[in-house]
Amino acid sequence: MISFREPAYFVALLIMLGWLLHIGKPVLLPIMIALIALYILSNLTTRLGELPGFGLLPALLRRVLVLLSFTALVVLVSFYVVETFAQVAVVLPSYESNLDRVVTRIAMMIRIEDEPTWANIRALTFDQFEVGAIIGPVLASLRGFSSTVFLVILYAFFFMAERAGMPDKLRLALGDSRKEAKTVDLFDRINTRVGDYLAVKTVVNIILGVLSYGVMLPLGIDFALFWAILIALLNYIPYIGSMIGVLFPVLLSLAQTGSIGMAGTVMVALTAAQMFVAGFLEPRMMSRAFNLSPFVVLLALAFWSSLWGLAGAVLAVPLTASLIIVMAEIETTRPVAILLSASGKV
């Protein structure tokens, strides 16, 4: 007779874990973001030591310099985002009038402007959509964003300070040299793969943001720097992030100018920058990508984004890859890790 006790326990454990992750978002999300930032900062500290002159500095001083630079950058970007949303609230009325003219022009092209139903359709759709009403809740949510940013910076400082003493703690906790070596090797593999991926991905996204800013600035797109930052951040999300990043500036150019041609120009230029980065630059810089099945990436994206929203979508790939590396080291879960990998090698 087949026993379903163990599968039932496993499913119950997964449900309970998902529930804990969902309700624990205010606590767990800043910690996870700080851990991801730690990988990037540690990699930057190591690279900084390879530069002429900086290699002579003590490791502690290099970590302090990287942490201070990270803090200054995060604070500046946060203030800029808040200020940009306040400016958007001012120019929204002109955007709404431009969009109305575009919609009316399209209606004339397809010859429905004289139909009695057109006024009703517009009243029930576009006239009901008040963009200004969205700004208030968004600005209110930025307060929570600011507290999250503060916690991320605070946790990153403490993680950076604790990282140097972690091998000694593992040695004392395990008490077995063989287990200690295996555990340290596991952590080294996770740190190397996740750290390299995030460091290279960050550099690639910065390059994409600079290219996007260089495209939008000559075209006169409002808030070009803000959209460039958004494009760079969204590119952390696999597959769909780049498409969403292009969509926002295209819609803004349409609302700003009321010109379909200008919106098409922005779309083509930004898509060309995305294709250059994704098709040429990133494969050459990313020498060792995560060995994840495309279906697993999409599944992880759906799972983490449903739990933690946009932040979960950004963290989906490194969190899932780290989990698979750990599962590959455990005999009972190694078959699952092989099934989740792209090539069967873990």
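Computed from a predicted model, the values in this text were never measured in an experiment. (Residues numbered from 1 in each chain as written. Predicted model: local features only at pLDDT ≥ 70, side-chain atom pairs only at ≥ 80, totals over all residues. Heavy atoms only, no water.)

We now examine the overall build of the chain. Counting its secondary structure elements, the chain contains 12 helices and 0 strands. The order of helices and strands in the chain, counted from the N terminus, is α-α-α-α-α-α-α-α-α-α-α-α. Across the 346 residues in the chain, those meeting the buried criterion constitute 34%. For the chain, long-range pairs separated by at least 24 residues make up 70% of all intrachain contacts whose partners lie at least 6 apart in sequence. Of the roughly 20600 Å² that the chain leaves accessible, carbon and sulfur atoms contribute 72%. (Helix = DSSP H or I, 4+ residues; strand = E, 2+ residues; numbered from the N terminus. Buried < 20%, exposed > 50% of the residue type's maximum accessible area, 1.4 Å probe, protein only. Contact = heavy atoms within 4.5 Å. Areas by Shrake-Rupley, 256 points an atom, 1.4 Å probe, with all protein chains shown as cover.)

Below, the discussion takes up a nonpolar patch on the surface. A cluster of nonpolar side chains, contributed by Leu 51, Phe 54, Leu 60, Leu 61, Val 64, Leu 65, Leu 68, Phe 150, Leu 154, Phe 157 and Phe 158, occupies part of the molecular surface with about 990 Å² of accessible area. Of all the secondary-structure elements, those providing two or more residues to the nonpolar patch are α3 (59-109) and α5 (132-163). Among the elements that make up the nonpolar patch, the one with the highest residue count is α3 (5 residues). By secondary structure assignment, the location of Leu 65 is in helix α3. Residue Leu 65 is classed as partly exposed on the basis of its relative accessible area of 35%. (Patch = residues over 30% accessible without salt bridge, like charges linked within 9 Å, V, L, I, M, F, W, Y side chains within 5 Å. Salt bridge = Lys/Arg side-chain N within 4 Å of Asp/Glu carboxyl O.)

We now examine the packing of helix α9 (residues 240-257) against helix α10 (residues 260-285). One can describe the packing of α9 onto α10 by two numbers: an axis separation of 8 Å at closest approach and a directional angle of 155°. Put simply, α9 runs roughly antiparallel to α10. Here the hand of the crossing between α9 and α10 comes out right-handed. On α10, the residues that touch Ser 242, Val 246, Pro 249, Val 250, Ser 253, Leu 254 and Thr 257 of α9 are Ile 260, Met 262, Ala 263, Val 266, Met 267, Leu 270, Thr 271 and Gln 274. Its residues assigned to classes, the contact of α9 with α10 comprises 10 nonpolar, 5 polar and no charged. (Axes fitted to C-alpha atoms, helices over the stretch in contact; angles between N-to-C directions. Parallel < 35°, antiparallel > 145°, perpendicular 65-115°, else oblique. Left-handed = near helix turned anticlockwise from the far one by under 90°. Nonpolar A, V, L, I, M, F, W, Y, C, P; charged D, E, K, R; others polar.)

Let us look at α9. Between its first and last C-alpha atoms α9 spans 26 Å; for 18 residues at 1.5 Å apiece the expected length is 26 Å, and the two agree. Buried within α9 we find Gly 241, Gly 245, Val 246, Pro 249, Val 250, Leu 252, Ser 253, Leu 254, Ala 255 and Gln 256. Once α9 ends, the next one or two residues include Gly 258, with phi positive near 70°. (Expected span 1.5 Å × (residues − 1).)

This part covers the packing of helix α8 (residues 224-234) against α9. With their axes 8 Å apart at the nearest point, α8 and α9 run at an angle of 160° to one another. Looking at the two axes, α8 sits roughly antiparallel to α9. α9 is crossed by α8, and the crossing has right-handed handedness. Each of Trp 227, Leu 230, Ile 231 and Leu 234 in α8 lies in contact with α9, whose residues at this interface are Gly 241, Ser 242, Ile 244, Gly 245, Phe 248, Pro 249 and Leu 252. Broken down by class, the residue content of the contact of α8 with α9 amounts to 8 nonpolar, 3 polar and no charged.

So, about the packing of aromatic side chains. Overall, the coordinates contain 6 aromatic pairs when judged by the stated rule. Their ring planes at 80° and their centres at 5.2 Å tell us that Phe 303 and Trp 304 sit as a pair that is edge-to-face. Trp 304 gets classed as buried once you look at its relative accessible area, which sits at 13%. Considering the side-chain rings of Trp 304 and Trp 308, the 5.3 Å spacing of their centres and the 50° angle between planes classify their relative orientation as tilted. Placement of both Trp 304 and Trp 308 in helix α11 (residues 294-329) is noted, with a separation of 4 residues, approximately one turn of the helix. (Phe/Tyr/Trp six-rings, centres within 6.5 Å; stacked < 30°, edge-to-face > 60°.)

A positive phi angle is found at Phe 223, which is not glycine, with a value near 55°. Tracing the chain through its elements places Phe 223 in the loop between α7 (177-219) and α8.

One finds Ile 190, Leu 198, Leu 292, Trp 304, Trp 308 and Leu 315 to be the most contacted residues of the largest nonpolar core, which totals 31 residues. Those elements giving two or more residues to this core turn out to be α2 (25-49), α7 and α11. For this core, the leading source of residues is α11, giving 16 residues. Each residue touching Trp 304, except ones within four places of it in the same chain, is listed here: Leu 21, Gly 309, Gly 312, Ala 313, Ala 316, Leu 319 and Thr 320. In terms of nonpolar packing, the next biggest core, distinct from the first, is built from 27 residues, Val 88, Val 250, Leu 252 and Ala 263 among them. (Core = buried A, V, L, I, M, F, W, Y, C linked by side-chain atoms within 4.5 Å.)

To continue, consider α10. Counted at 1.5 Å a residue, the expected span for α10 with its 26 residues is 38 Å, and the 36 Å between its end C-alpha atoms agrees. Along α10, the sharpest kink reaches roughly 35°, centred on Val 277. All buried positions along α10 are accounted for by Ala 263, Val 266, Leu 270, Ala 273, Gln 274, Val 277, Leu 281 and Glu 282. (Bend = angle between axes of the 7 residues up to and from the residue.)

On average, residues of the chain carry a pLDDT of 76, and 76% of them reach 70 or more. Between the elements of the chain, mean pLDDT differs from a low of 50, seen in helix α4 (residues 116-124), to a high of 88, seen in α8. (pLDDT = per-residue confidence, 0-100.)

Of note, Ser 212 is situated in helix α7. Looking at Ser 212, the relative accessible area reads 1%, which means it is buried. In contact with Ser 212, not counting residues within four places along its chain, are Ile 231 and Leu 270.

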